[in-house]
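Structural description and commentary
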Amino acid sequence: MPELNGVLETALYVADMPRARRFFETVMGLSPFNADHRFTAYDAGAGTVLLLFLDGETGETVVLPGEMGTIPPHDGAGRVHMAFAIAAPALPDWEARLGEHDVAIEGRTHWPRGGESVYFRDPDGHLLELATPGVWPTY
């Protein structure tokens, strides 16, 4: 069986790209490394990428310049979930940061392996999680 090296990209679909970018750049502290009117790509740490796609803008094949190729259509709907990995000592600082930006923490979990999670929403209602080591056997 060929080996998987991990999840490289996670995508969220947003209704208002400027609003989503303000949230992910101001609250989450992410910096875009590629963007246009329909998508924004962020370094999400540890070699991972968070992609934001504008709702309704990914239903057609994208033809890349030159001989680069194509990206097939894709889409997503509804409120989805994703988690950011953080160090355990950083959790109080993240909780304070969310509070400073009036982002409500909707839930907390203390996992049997010792990990902790806090849950909150982005402006599109996606459930975001900050998770410390010990959440999963692999993390």
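Residues numbered from 1 in each chain as written. Predicted model: local features only at pLDDT ≥ 70, side-chain atom pairs only at ≥ 80, totals over all residues. Heavy atoms only, no water.

Going by what an unreviewed UniProt entry lists, the protein is known as Glyoxalase and is assigned to Halomonas salina.

**Here we look at the overall build of the protein**
Along the backbone of the protein there are 2 helices and 10 strands. With respect to the principal axes defined by its C-alpha atoms, the protein has extents near 50 × 45 × 25 Å. Buried positions account for 32% of the 139 residues belonging to the protein. If you take every contact in the protein between residues at least 6 apart in sequence, the share linking residues at least 24 apart comes to 45%. Each charge class in the protein was averaged separately, 9 positive and 20 negative side chains, and the resulting centres sit 5 Å apart. (Helix = DSSP H or I, 4+ residues; strand = E, 2+ residues; numbered from the N terminus. Buried < 20%, exposed > 50% of the residue type's maximum accessible area, 1.4 Å probe, protein only. Contact = heavy atoms within 4.5 Å. Lys, Arg positive; Asp, Glu negative; His and termini not counted. Charge placed at Lys NZ, Arg CZ, Asp CG, Glu CD.)

**Re the environment of Ala20**
Its location among the elements puts Ala20 in helix α1 (residues 17–27). Every residue in contact with Ala20, bar those within four places of it in the chain, is listed here: Val14, Leu52 and Asp124.

**Section: α1**
For α1, the complete set of buried residues consists of Met17, Ala20, Phe23, Phe24 and Val27. Projected down its long axis, α1 shows its buried positions confined to an angular sector of 145 degrees, all on one face. Across from the buried face of α1, at angles greater than 90 degrees, the exposed residues are Pro18 and Arg22. For α1, the N-terminal capping position is held by Asp16, with its side-chain oxygen 3.0 Å away from the main-chain nitrogen of Arg19. Downstream of α1 by a residue or two, Gly29 has a phi angle that is positive, lying close to 75 degrees. (Arc of directions from axis to C-beta. Polar contact = N/O pair within 3.5 Å; in protein donor to acceptor, adjacent residues only side chain to side chain.)

**Section: the sheet that holds strand β7 (residues 81–85)**
With respect to topology, 4 strands assemble into an open sheet ordered β7-β10-β9-β8, the strand pairing being mixed. The open sheet terminates on both sides in strands that have one partner only, identified here as β7 and β8 (107–110). Taken over all neighbouring pairs, the strand axes of this sheet differ in orientation by 20 degrees on average, direction set aside. Pairing of strand β9 (residues 116–121) with strand β10 (residues 127–131), which is carried by 5 bridges, proceeds in the antiparallel orientation. By the bridge assignment for β10, Arg121 is matched with Leu127. Relative to the sheet, helix α2 (residues 91–100) contacts β8, β9 and β10, its axis offset from that of β9 by approximately 15 degrees. (Pairing = 2+ DSSP bridges. Axes fitted to C-alpha atoms, helices over the stretch in contact; angles between N-to-C directions.)

**Comments concerning the sheet that holds strand β3 (residues 39–45)**
Pairing is mixed in the open sheet, where 4 strands are placed in the order β1-β4-β3-β2. A single partner strand is all that each edge strand has here, and the edge strands are β1 (9–14) and β2 (32–35). On average, each strand axis in the sheet is tilted by 20 degrees relative to the strand beside it, whichever way the strands run. In this sheet, strand β4 (residues 48–54) lies alongside β1 in parallel orientation, the contact comprising 6 bridges.

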